[in-house]
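Close look at the chain arrangement
Listed below are the residues making up each chain.
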Amino acid sequence: MNTAAPRIRLQLPADAAWAGLVQASAEQAGRVFGLDPAKSLRLVHCAEELLLFLASAETGEVEATLRPVATGVEVGFSFASAGVDLSALNLASDPGAGGEDGDWTSLPLLLASRMTDGFRVGLDGRRMEIVLRVDKAYPAPELLPAERLRPQGRPVLAEAGDAGALFEACSAIAGLYPAHVAPEWCLSPGRTADLVRAGELSAIEARDAGGRLCGIIFWRMRSERSVTFFGPYDFTGDGSMAGELVEALLRAVGRTSARNVFSSLATQPLADHGFELLAELPYLLADSPEPVVHPVWGRMLQEDFGAAAWTHEGFADFLRDRYDALELLRDLRPVRDLGEAVQAGSVLGARLTPGLSEVFLHPELNGADIGDNIARHVSTLASAGYRNIFFEIDLAKGWHAAMGGHLIRCGFRPELLLPLGGQSDTLIFRHAAES
Amino acid sequence: MPLNLEHLIPEHIRLFDPYRPSPPDAELMRLYGLKRLHRLNNNENTLGPSPAVRELLAGLEAGVIPVYPHGDSQDLRETLARTLGPDRSQFLVGNGSCELISSVVKAFCEPGDNIVTADKTFAVYEWVATFSGVEARLIPLDRDQRFDPDAMLAAVDDRTKLAFVCNPNNPTGTYWDEATMRRFLDGVDGRCIVVADEAYFEYVERPDYPDCIRLLDDYPNLVVFRTFSKMYALAALRVGYLCAGEAVTDVIGRAHVAYSVNTPAQMAARAALLDRSPFIERTRAMVRRGRELIRETCEALGFEHIIGEGNYVMIRTPISDTLLQRKLLRRGFLVRTMTGFRFPNWIRVSLEREPVLREFCSVFRSLFE
């Protein structure tokens, strides 16, 4: 039985002579997997530029993979790493910074990274993988008018998956809630429907006897062990649906692999539903002189019998306080400088949400320049107007924790601990602009 | 060469989340710096095992260990037959009820089939179905927290092979009386196998609670599960059994692994059945007292609670069940969180000896007063 999703695989030498094959494959995959001609062309360029980069880096044999994902198509190359410098993938990369003496070998990678809608880098033993994603172009339909309603009879809760129903929900959220608690994908109902169809996003809606939408809550897996949710969005006039939606969320995720659930965008206090307030993050928005506060509510879904977590003196006290407050048992292991060699160029991933003026940075690859790289990213993002800059690390990884000193020096402060938010606990730093 | 498992794993296995048992007691006590740990999370009977079983185990000779056990637990099945009535060919013994659940699903289901059970019940029915590629149709409990017979009947279709009824239900302790059980079996009308899981049978003292083994002659599609892990306190030995019509037992036996129940387990189970000491009555008295203590505590705190049959109760708390579990563990008590049973912010507490439960109630109250 073939259990894998459809995908195209090519094994070939990293040689510019094979660019035509890669281009043709990407073009056809883009078309078959649902991209429009303009987006297909982007995919073609991404694939071609990646191959040219790997050819210039002389990586030898590579495996290229094209596969459909919820909102578009991914192209990935995996190869045996031998210190390949991927730093051009950084948002703040500038290979021409050295003028005519700049390192232009990374230019194809830079070009590819700028044509994508997202990327990730993985290192598995000595094998490295670069994956770029090109999203479909979604129309932005005029949203339906929305108003608060009084339910007829007792509303019934059910999974939401129909594109029309999701369009209705997106419209109601946009119409009835402030923009800063509306997920960005709500502005693109087609994208929302694709995410739900692919199982990357889940939703439970409430409808009354008249079939009218009374509320909805969305959630998605943040990692293999954590769920993050958006809402509850309650469209009734008396706020009678929110509690039931939260309970339905807990029932839905309670018997899954998720061990923790927390809010990405919470619409109301959730202490009455067994959630703990993990942080209150003030957000500086472009259209508001005063910050809006984003509370983060969370709770464990399963029993937690303790674990180990890497720590750094720069945030050890914060961790101890949070673990005590959450009654979590953790064996804190301080990182130490072992003097091991790391490659020169680090890579940081970035998830941008312009509507919230928000950026989440995370380490993809370690490198000797990690401190400078973080500082470059902060400078670039601040110049671009981003006012809420976060950096998250996974405390399962010693090299993540070892970045604590760099982060503190760059003006980041620990603000939010998400138990089991990643492979292990996730610690989120916020950049303090005044520092 | 890197191992790529992705194309080898069926989707229902890839998506399945394995059960994670809690660490051993010694490890938990070390981690939490505890001098003693009371497990109130597994519905074990710490009064046990019964005197006859203790005596047997104390005198167990090492010579039984190098020899394979009876592959089909013949002596134990003979004792079950003499004690309970049906012929020994109607009994099948397994390595705990969980193995029997797996055998029943393997015997009757193939991909595309479904099972019908409740959403808030013992998770293993759903788990075994799911990792076998079989749809689990989960029917909400009714407003009295009981299995809903009409909704279950409505969910049965021509691909339904099994209906699991946990009676009394774990974790709510609610049960179907004989009239309800018969009405359900009549409604099924032989279209699928009905499993009545009576893991807590020996704890129920209600006169209208059915002994489903006595219904087997009327309903040839009925399978009854029982276990030695609960009342008989043989949890560490892992031994359970099913009883059904001979034809049904024969089919399940084809999918069942022989030799899965070890010799000490078979011997101890026989001894437990034959023990005429007041062990069971003492256990029932302990459970009745435990229910009173929990009821008093919950009423004093104003906490919602469900006290039904079985040696366990449920309590709704104003904080998350998982946070409460951690707070209690730091104080030496391990309880079961109920979010995984789809009861968010409830805990299940096993009814233990009175001194232990008194201490538990005292600690529990101190967390909220």
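This structure is a prediction, so every number in the text was calculated from the model and none was measured.

Quick look at the overall build of chain B now. Along the backbone of chain B there are 13 helices and 12 strands. Taken against the 2.2 N^0.38 rule, which gives 21 Å for 369 residues, the C-alpha radius of gyration of chain B at 21 Å falls within 12% of a compact globule. Each of the three principal axes of chain B carries a C-alpha extent, and together these read 65 × 55 × 50 Å. Sorting the 369 residues of chain B into buried and exposed places 54% on the buried side. Of all intrachain contacts in chain B linking residues separated by at least 6 positions in sequence, the fraction that spans at least 24 positions is 72%.

So, about the sheet that holds strand β10 (residues 312–316) of chain B. Residue and element names in this part refer to chain B. Pairing is mixed in the open sheet, where 5 strands are placed in the order β1-β11-β12-β10-β9. Either end of the sheet is taken by a strand with one partner, and the two such strands are β1 (38–40) and β9 (305–306). Here β9 runs beside β10; their pairing, made up of 2 bridges, is antiparallel. The residue bridging Ile-306 from the neighbouring strand is Met-314, located in β10.

Every contact between the two is made by 28 residues of chain A and, on the other side, 43 residues of chain B. Interface area, chain A with chain B, both sides summed: about 2900 Å², of which 46% is carbon and sulfur. When the area that chain A buries against chain B is broken down by residue, the three leading residues are A:Arg255, A:Phe305 and A:Glu327, summing to 31%. Linking chain A with chain B are 5 salt bridges, by the criterion used here. At the boundary of chain A and chain B, one finds 15 residue pairs in polar contact (both at pLDDT 80 or more). Breaking the side of chain A that touches chain B down by element, the ones donating at least two residues are α6 (242–253) and β12 (292–300) of chain A. Class assignment for the residues of the side of chain A that touches chain B results in 9 nonpolar, 8 polar and 11 charged.

With that out of the way, let us pick up the nonpolar core. Residue and element names in this part refer to chain B. Grouped together as the largest cluster of nonpolar side chains are 76 residues, with contacts concentrated most on Leu-222, Phe-228 and Leu-234. Here this core takes 6 residues from helix α10 (residues 263–274), the largest share from any one element. For this core, the domains that each give at least three residues are domain 1 (6–49 + 278–368) and domain 2 (51–274). Residues in contact with Leu-234, not counting those within four places in the same chain, are Pro-49, Val-53, Phe-228, Ser-229, Val-239, Ala-268, Ala-269 and Ala-272.

Below, the discussion takes up empty space enclosed by the protein. Enumeration according to the criterion identifies 1 cavity of 30 Å³ or more in this entry. Taken as a whole, the largest cavity encloses approximately 50 Å³ of empty space. For the largest cavity, the full set of lining residues is A:Asn260, A:Glu276, A:Leu278, A:Gly298, A:Arg299, A:Met300, A:Leu326, A:Leu328, A:Pro419 and B:Arg326. Elements with a minimum of two residues in the lining of the largest cavity: β11 (276–283) and β12 of chain A.

This part takes up the pairing of strand β5 (residues 160–166) of chain B. Residue and element names in this part refer to chain B. In terms of residue burial, β5 counts as a mostly covered element, since 6 of its 7 residues are buried. Across 5 bridges, β5 lies against strand β6 (residues 193–197) in parallel orientation. Considered in β6, the bridge of Val-165 is made with Ala-196. Handedness of the crossover joining β5 and β6 through helix α8 (residues 178–188) is recorded here as right-handed.

When the parts of a complex come together, some accessible area is lost, and that lost area is often taken as the interface size. Residues and elements named next belong to chain B. Once the domains are mapped, chain B shows domain 1 (6–49 + 278–368) and domain 2 (51–274). Here domain 1 and domain 2 have C-alpha centroids that lie 23 Å from each other. Each partner contributes to the interface: domain 1 provides 29 residues, whereas domain 2 provides 34 residues. Carbon and sulfur atoms supply 61% of the area buried between domain 1 and domain 2, which totals about 2800 Å² over both sides. Three residues stand out in domain 1 for area buried against domain 2, namely Pro-49, Glu-309 and Arg-342, and they jointly supply 26% of the buried area on that side. Applying the counting rule to domain 1 against domain 2 returns 3 salt bridges. Here Arg-342 and Glu-126 are joined by a salt bridge, their closest N and O atoms 2.9 Å apart. Joining domain 1 to domain 2, the criterion identifies 15 residue pairs in polar contact (both at pLDDT 80 or more). The set of elements that each furnish at least two residues to the side of domain 1 that touches domain 2 consists of α1 (11–14), α11 (279–301) and β10. For the side of domain 1 that touches domain 2, the per-class residue count stands at 14 nonpolar, 9 polar and 6 charged.

With that settled, consider the packing of aromatic side chains. The way to describe two aromatic rings as a pair is by their centre distance and the angle between their planes. Evaluation of the coordinates by the stated rule reveals 26 aromatic pairs over all chains. Note on B:Phe303 and B:Phe364: the rings are 6.0 Å apart at their centroids and 90° apart in plane angle, and the pair reads as edge-to-face. Here the residue B:Phe303 occupies a position in the loop between α11 and β9, and B:Phe364 occupies one in helix α13 (residues 354–368), the gap between them amounting to 61 residues. Each member of the pair, B:Phe303 as well as B:Phe364, is classed as buried. Here the aromatic residues B:Phe303, B:Phe333, B:Phe360, B:Phe364 and B:Phe368 are joined through ring pairs into a cluster of three or more. Directly above the ring of B:Phe341 sits A:Arg255, whose terminal nitrogen or CZ lies 5.7 Å from the centroid. A cation over a ring is seen here: B:Lys120 above B:Phe343, with NZ or CZ 4.5 Å from the ring centre.

With 15 residues, α13(B) extends 21 Å from end C-alpha to end C-alpha; this agrees with the ideal 21 Å at 1.5 Å per step. Tucked into the core, α13(B) has its buried residues touching β1, α11, β10, α12 (321–330), β11 (333–337) and β12 (346–350) of chain B.

Below, the discussion takes up the sheet that holds strand β15 (residues 347–353) of chain A. Residue and element names in this part refer to chain A. With respect to topology, 5 strands assemble into an open sheet ordered β15-β16-β17-β19-β18, the strand pairing being mixed. Unpaired on one side and paired on the other, β15 and β18 (412–418) mark the two borders of the sheet. Strand after strand, the sheet turns through a mean of 30° between neighbouring axes, direction not considered. Here strand β16 (residues 358–365) runs beside strand β17 (residues 388–394); their pairing, made up of 4 bridges, is parallel. Bridge assignment links Glu-358 to a residue of β17, and that residue is Asn-388.

Residue and element names in this part refer to chain B. Packing of α12 against α13 leaves a shortest axis separation of 11 Å and a crossing angle of 125°. Classed by the angle they form, the pair α12 and α13 counts as oblique. Classified by chirality, the crossing of α13 by α12 is right-handed. In this structure, α12 contributes Leu-324, Lys-327 and Leu-328 to the contact, and α13 contributes Phe-360, Val-363, Phe-364, Leu-367 and Phe-368. Broken down by class, the residue content of the contact of α12 with α13 amounts to 7 nonpolar, no polar and 1 charged.

About the criteria used
- Residues numbered from 1 in each chain as written.
- Chains lettered and ligands numbered in written order.
- Predicted model: local features only at pLDDT ≥ 70, side-chain atom pairs only at ≥ 80, totals over all residues.
- Heavy atoms only, no water.
- Helix = DSSP H or I, 4+ residues; strand = E, 2+ residues; numbered from the N terminus.
- Rg over C-alpha atoms; globule rule 2.2 N^0.38 Å.
- Buried < 20%, exposed > 50% of the residue type's maximum accessible area, 1.4 Å probe, protein only.
- Contact = heavy atoms within 4.5 Å.
- Pairing = 2+ DSSP bridges.
- Buried area = accessible area lost by both parts, 1.4 Å probe.
- Salt bridge = Lys/Arg side-chain N within 4 Å of Asp/Glu carboxyl O.
- Polar contact = N/O pair within 3.5 Å; in protein donor to acceptor, adjacent residues only side chain to side chain.
- Nonpolar A, V, L, I, M, F, W, Y, C, P; charged D, E, K, R; others polar.
- Core = buried A, V, L, I, M, F, W, Y, C linked by side-chain atoms within 4.5 Å.
- Domains from an automatic or database assignment.
- 1 Å grid on protein atoms, 1.4 Å probe; cavity = no way out; pocket = protein on both sides within 12 Å on 5 of 7 lines; lining within 4 Å.
- Points joined across faces, edges and corners; volume = space filled by probe spheres on them.
- Right-handed = clockwise from strand over helix to strand, strands pointing away.
- Phe/Tyr/Trp six-rings, centres within 6.5 Å; stacked < 30°, edge-to-face > 60°.
- Lys NZ or Arg CZ within 6 Å of the ring centre and 35° of its normal.
- Expected span 1.5 Å × (residues − 1).
- Axes fitted to C-alpha atoms, helices over the stretch in contact; angles between N-to-C directions.
- Parallel < 35°, antiparallel > 145°, perpendicular 65-115°, else oblique.
- Left-handed = near helix turned anticlockwise from the far one by under 90°.

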